[in-house]
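Descriptive analysis of the structure
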Amino acid sequence: MAGGARDVRKAFLLTTTQNYFGLLPEPCDQPRADGCPEVNNFLDDGNQMLLRVQRSDAGVTFSNSIDFADTKDKVLVFFKLRPEVITDQNLHSNILVSSMLESPINSLYQAVRQVFAPMLLKDQEWSRDLDPKLQNLLSELEAGLGVVLRRSDTNLSKLKFKEDDTRGILTPSDEFQFWVEEAHRGSKQISRERAGYFKELFETIAREFYNLDSLSLLEVVDLVETTRDVVDDVWRQTEHDHFPESRMLHLLDVIGGSFGRFVQKKLGTLNLWEDPYYLVKDHLRAGVSICEQWVIACNHLTGQVWQRYVPHPWKSEKYFPETLDRLGKRLEEVLAVRTIHEKLLYFLPASEEKTICLTRVFEPFTGLNPVHYNPYTEPLWKAAVSQYEKIIAPAEQKIAGKLKIYISEIQDSPQQLLQAFLKYKELVKRPTISKELMLERETLLARLVDSIKDFRLDFENRCRGVPGEASGPLAGKNLSEVVNNIVWVRQLELKVDDTLKIAEALLSDLSGFRSFHRAAEDLLDQFKLYEQEQFDDWSRDIQSGLSDSRSGLCIEANSRIMELDPSDGSLKVHYSDRLVILLREVRQLSALGFVIPAKIQQVANIAQKFCKQAIILKQVAHFYNSIDQQMIQSQRPMMLQSALAFEQIIKNSKAGSGGKSQITWDNPKELEAYIQKLQNAAQRLATENRKLRKWHTTFCEKVVFLMNIDLLRQQQRWKDGLQELRTGLASVEAQCPVAWQSRWEGPEDPLQYLRGLVARALAIQSWVERAEKQALLSDTLDLSELFHPDTFLNALRQETARAMGCSVDSLKFVASWKGRLQEAKLQIKMGGLLLEGCSFDGSRLAENQHDSPSVSPVLPCCVGWIPQGAYGPYSPDECISLPVYTSAERDRVVTNIDVPCGGSPDRWIQCGAALFLKNQ
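An unreviewed UniProt entry annotates the protein chain as Dynein cytoplasmic 2 heavy chain 1 originating from Panthera leo.

Digging into the overall build of the protein chain
In terms of helices and strands, the protein chain carries 28 helices and 19 strands. Residue burial in the protein chain is summarised as follows: out of 920 residues, 42% are buried. Put simply, 66% of the contacts in the protein chain that link residues at least 6 apart link residues at least 24 apart. Entry remark: accessible area of the protein chain is about 50700 Å², with carbon and sulfur atoms responsible for 51%.

Considerations on the side chain of Asn-90
Turning to its location among the elements, Asn-90 is positioned in the loop between β3 (75-80) and α3 (91-94). Judged by relative accessible area, which is 11%, Asn-90 ranks as buried. Within the structure, Asn-90 has its side chain in polar contact with the backbone oxygen of Val-85 (distance 3.0 Å). Those residues in contact with Asn-90 that sit more than four places away from it in its chain are Glu-84, Val-85 and Ile-95.

A closer look at the sheet that holds strand β15 (residues 855-857)
With respect to topology, five strands assemble into an open sheet ordered β15-β12-β19-β17-β18, the strand pairing being mixed. Edge positions in the sheet fall to β15 and β18 (893-900), since each of these pairs with one other strand and no more. In this sheet, adjacent strand axes meet at a mean angle of 30° when their direction is disregarded. In this sheet, strand β19 (residues 914-917) lies alongside strand β17 (residues 879-885) in parallel orientation, the contact comprising two bridges. Bridge pairing links Tyr-885 to Phe-916 in β19.

Considering the packing of aromatic side chains
The tally for this structure, following the rule as stated, stands at 31 aromatic pairs. Taking the centre distance of 5.0 Å and the plane angle of 75° together, the rings of Tyr-20 and Phe-21 count as edge-to-face. Stacked on the ring of Phe-178, the Lys or Arg Arg-247 has its end atom at 3.9 Å from the ring centre.

Some words on unusual backbone geometry
We note that Gln-774 has phi near 60°; this positive angle belongs to a residue other than glycine. Within the secondary structure, Gln-774 sits in the loop between α26 (750-772) and β9 (780-782).

Observations concerning helix α21 (residues 577-591)
The end-to-end C-alpha distance of α21, which contains 15 residues, comes to 21 Å, matching closely the 21 Å that a straight helix rising 1.5 Å per residue would cover. Taken residue by residue, α21 has Leu-579, Leu-582, Leu-583, Glu-585, Val-586, Gln-588, Leu-589 and Ser-590 as its buried positions. Where α21 is buried, its residues contact α19 (481-506), α20 (513-546) and α22 (598-630).

Some words on the environment of Leu-826
Along the chain, Leu-826 falls in the loop between β10 (811-816) and β11 (827-831). The spacing of Leu-826 and Met-804 is 22 residues in sequence and 9.5 Å in space, taken between C-alpha atoms.

Re the packing of helix α8 (residues 189-210) against helix α9 (residues 217-236)
To characterise two packed helices, one gives the angle between the axes of the helices and the distance between these axes. Orientation of α8 relative to α9, taken along the N-to-C sense of each, is 165°, at an axis distance of 10 Å. In terms of their interaxial angle, α8 and α9 are classed as roughly antiparallel. For the pair α8 and α9, the sense of crossing is left-handed. Taking contact as the criterion, the partners of Phe-198, Leu-201, Phe-202, Thr-204, Ile-205, Glu-208 and Phe-209 in α8 are, on α9, Leu-223, Thr-226, Thr-227, Val-230, Asp-233 and Val-234. Per-class residue counts for the contact of α8 with α9 are eight nonpolar, three polar and two charged.

A closer look at the sheet that holds strand β16 (residues 861-867)
Pairing within the open sheet is mixed, and its four strands lie in the order β9-β11-β16-β10. Across the chains shown, the open sheet's two edge strands, defined by having one partner strand only, are β9 and β10. When strand polarity is set aside, the average angle formed by the axes of neighbouring strands in this sheet is 40°. The sheet contact formed by β11 and β16 spans four bridges and is antiparallel. Across the sheet, Lys-829 pairs through a bridge with Cys-862, a residue of β16.

Quick word on the pairing of β11
Among the five residues that make up β11, four are buried, leaving the element largely enclosed by the rest of the structure. Where β9 and β11 come together, three bridges link them in parallel fashion. In the sheet register, Leu-781 faces β11, and the bridge partner there is Met-830.

Overview of the pairing of β16
Counting buried residues along β16, six of its seven residues qualify, which places the element largely inside the surrounding structure. The pairing of β10 with β16 spans six bridges and is classified as antiparallel. Considered in β16, the bridge of Lys-812 is made with Ile-866.

So, the pattern of salt bridges
When the charged atoms of two side chains with opposite charge come close together, those side chains can pair. A full pass over the atoms with the stated rule returns 23 salt bridges. In this structure, Asp-325 engages Lys-329 in a salt bridge whose closest nitrogen and oxygen atoms are separated by 3.0 Å. With Asp-325 and Lys-329 both in helix α12 (residues 322-347) and four residues apart, this pair spans about one turn of that helix. The partly exposed category is assigned to Lys-329, whose relative accessible area is 44%.

Focus on α22
Between the first and last C-alpha of α22 there are 45 Å, a value that for 33 residues agrees with the 48 Å anticipated at 1.5 Å per step. Along α22, the sharpest kink reaches roughly 50°, centred on Cys-611.

Let's talk about the packing of helix α10 (residues 245-267) against helix α11 (residues 277-305)
Between α10 and α11, whose axes approach to 10 Å, the crossing angle comes to 175°. Relative to α11, the element α10 is oriented roughly antiparallel. Together, Leu-252, Ile-255, Gly-256, Phe-259, Phe-262, Val-263 and Leu-267 of α10 and His-283, Leu-284, Gly-287, Ile-290, Trp-294, Cys-298 and Thr-302 of α11 make up the contact between the two elements. Classifying every residue of the contact of α10 with α11 gives 10 nonpolar, four polar and no charged.

Considering the side chain of Lys-10
Counting through the fold element by element, Lys-10 comes out in helix α1 (residues 8-21). Among the polar contacts listed, one links the side chain of Lys-10 to the side chain of Asn-40, at a separation of 3.0 Å.

Regarding the environment of Glu-799
Mapped onto the elements of the fold, Glu-799 is located in helix α27 (residues 789-804). Given a relative accessible area of 41%, Glu-799 falls into the partly exposed group. Taking the C-alpha atoms as reference, Glu-799 lies 7.8 Å from Leu-826; in sequence the two are 27 residues apart.

With respect to the environment of Val-8
You can see Val-8 is positioned in helix α1. Overall, Val-8 belongs to the partly exposed group, its relative accessible area being 38%.

Some words on the confidence of the model for the protein chain
Confidence in the prediction for the protein chain averages 80 pLDDT; 86% of positions are at 70 or higher. Taken as a whole, residues 153-160 scores under 50 in pLDDT and shows 10 contacts with residues more than four places along the chain or in a different chain.

Cut-offs used in this document
- Residues numbered from 1 in each chain as written.
- Predicted model: local features only at pLDDT ≥ 70, side-chain atom pairs only at ≥ 80, totals over all residues.
- Heavy atoms only, no water.
- Helix = DSSP H or I, 4+ residues; strand = E, 2+ residues; numbered from the N terminus.
- Buried < 20%, exposed > 50% of the residue type's maximum accessible area, 1.4 Å probe, protein only.
- Contact = heavy atoms within 4.5 Å.
- Areas by Shrake-Rupley, 256 points an atom, 1.4 Å probe, with all protein chains shown as cover.
- Polar contact = N/O pair within 3.5 Å; in protein donor to acceptor, adjacent residues only side chain to side chain.
- Pairing = 2+ DSSP bridges.
- Axes fitted to C-alpha atoms, helices over the stretch in contact; angles between N-to-C directions.
- Phe/Tyr/Trp six-rings, centres within 6.5 Å; stacked < 30°, edge-to-face > 60°.
- Lys NZ or Arg CZ within 6 Å of the ring centre and 35° of its normal.
- Expected span 1.5 Å × (residues − 1).
- Parallel < 35°, antiparallel > 145°, perpendicular 65-115°, else oblique.
- Left-handed = near helix turned anticlockwise from the far one by under 90°.
- Nonpolar A, V, L, I, M, F, W, Y, C, P; charged D, E, K, R; others polar.
- Salt bridge = Lys/Arg side-chain N within 4 Å of Asp/Glu carboxyl O.
- Bend = angle between axes of the 7 residues up to and from the residue.
- pLDDT = per-residue confidence, 0-100.

Here it is in structure tokens:
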């Protein structure tokens, strides 16, 4: 190079160094490269491959090697691609530039993760030329560096664990993976168990965050709520050492960053100015909801809930994700711009002005991506919004008058007026339109003042009443009185707060706004005072109950867990339902933001500790107290031994090898063993009961099956069915008591039962023969000869309906001792009836004399089905409807027959009058 000419190579090195370290252009701040041997060696010696530049308090220094100590400060490294002397021609083709921050492991990890792995593994042009083994090695390198980086000590020989170090946690997935690794590689068993516990809690959301980009905006809206619950559970857990506050702060930050980047990426796929309004509106609202919900969650958790959580209080200032909050506000501004545009189009006529508005209104936003929020884009955005407002100013002038006419037509209806202002809220906020609608806004303010008065009156009328009653607070489900009252007043607060927000957004410049604002704020203060009074009263009641052993709020850790009540023999668990309610109240009131007094919290913690076991014991107690209702009466003796064994376990609730001391709440191992023993005994008893009930049902079904078999034609089916029944009975024969036989329909004597069975079978054969000769309905029929006489009468009903061409429901059953039924198409002459409780001579009922038989035969009668409107053979006033039973035991009704009685039906009911078929 000619003497005195500027060395382009050194200028490149110095300019790059100056830009990287942010050095001022003054000569005193610039590094000196002239005469620097390290710089000359790198440029002029082909064997010297590296130049390291480092800035410290002493200034900028150059070196041809890298020391471990270099990682303490920012380092810039120039290195050659090929071992050549650097010239003007190869300056930009042979020098690579890299920087190192924090540590070489972090720099390498980020380079692999952000640059080389995506390019070499995902890009088709490069991945197809890379051997699969090398691809696997590259993936393993990325994963291994991540593991090392997530641990504080980067000395590979000593991978120490330090939870406060979050340098390697850049995404929520990094945090979740950290606990997975620690659960497997922790140095101590207790550390691995703790990490495993956190891992299980995070698994609820880990998959969603790993596949975050594949989710929709609405799915992530739900994910925000789930994530809030998970981090709350992580912070509140008391099973292990607490989650570090600094780590939680970092986790909240990276979760917010992930949500923000997700929203930007999803909205970046839309053209927010040209895509359909409904599509843009839905996406922007979902994006705003994601941002707002996470900001609210962080504020609520770190500003209220966790600061008041006594076991693990939040000690830092509340965390506010400012960047995410501003992104949400930017999205709201974008939505407002599109909404105003849509409202303008709605009011503008279809003329050339509308076309101009469509084509020009979004020109100021050309080349500006509105979802990319940062301090550098904010001035550009504000300038674009200012230009946009100038463009729409003429259209606003025309629309103001139209909006005024529209609102004036509905201002007499407060609800419609409020809805109109809410519908066109974005337009009403515009200064020009707001000024034009001054009178209408005054009317709206007067309506809102009235609504505040109504809220106050409703509150004052209900606040001292009983929840659920007309004069009390509205009642919710599964809420105790104190929680219900607080939730009710919170709902009123929301209504007043919404009213206040509407007024602040649209009416803040009006003269009456200040007095309205004061009235609303005073009412909100009154609500807050009521809330606190409710909570204070509850606290006093609970604390006074803690000193009263009869209140059900006291649980002694060394007290008996359960015992039999000597008065009624029921099993009672020494864990009252009031304790369960207290746990729910403490949980709900904490969620509502109240600080639970230490004494109450201590009792709740003790109750919570034993709650799981108490619930199981209450289930066992309920089973013990209700098992007799689940048993079939005749089967109780069959389960006597199992029931006694179960009761014996309850009575002998002793602990220790000798069984000398009672099992108490504060002995968890023996309590668990005792509960297991109780559950096993209860399970055995329940299984045995289900088994016997199943056999009972099976036997019933088999008997019904046998009753429907034609003995003359299906003798083999009868024998097979009978054998199955005998086999089943033999399986429970050892348990089956003699008294069980009395539960079956029919005589207990098998011989008598078989005689009746054969008699019916022979009678049926006779019926079949008469039916074949068309002579069945002309003879007197004895229904006791049938297995199912009610089925025969129903068949007669169906045949009558077919003959008359009407529905079966339009017919009624009648009997006549006067002769044939004139209105019946089909009828039979029925005999074989017996009467008990009185006597009947064919014309009317009469009381039995002292020497009359208790059961007397009844003359045959004609029976059939006639239309509901037909009069029948007897007047209803002189008849009584008597049931016809299958037997004298009166256990099954065949039908009912109207019998003439001469009036006074109550007289015959008191006599116990009834008809039944004669026994076969």
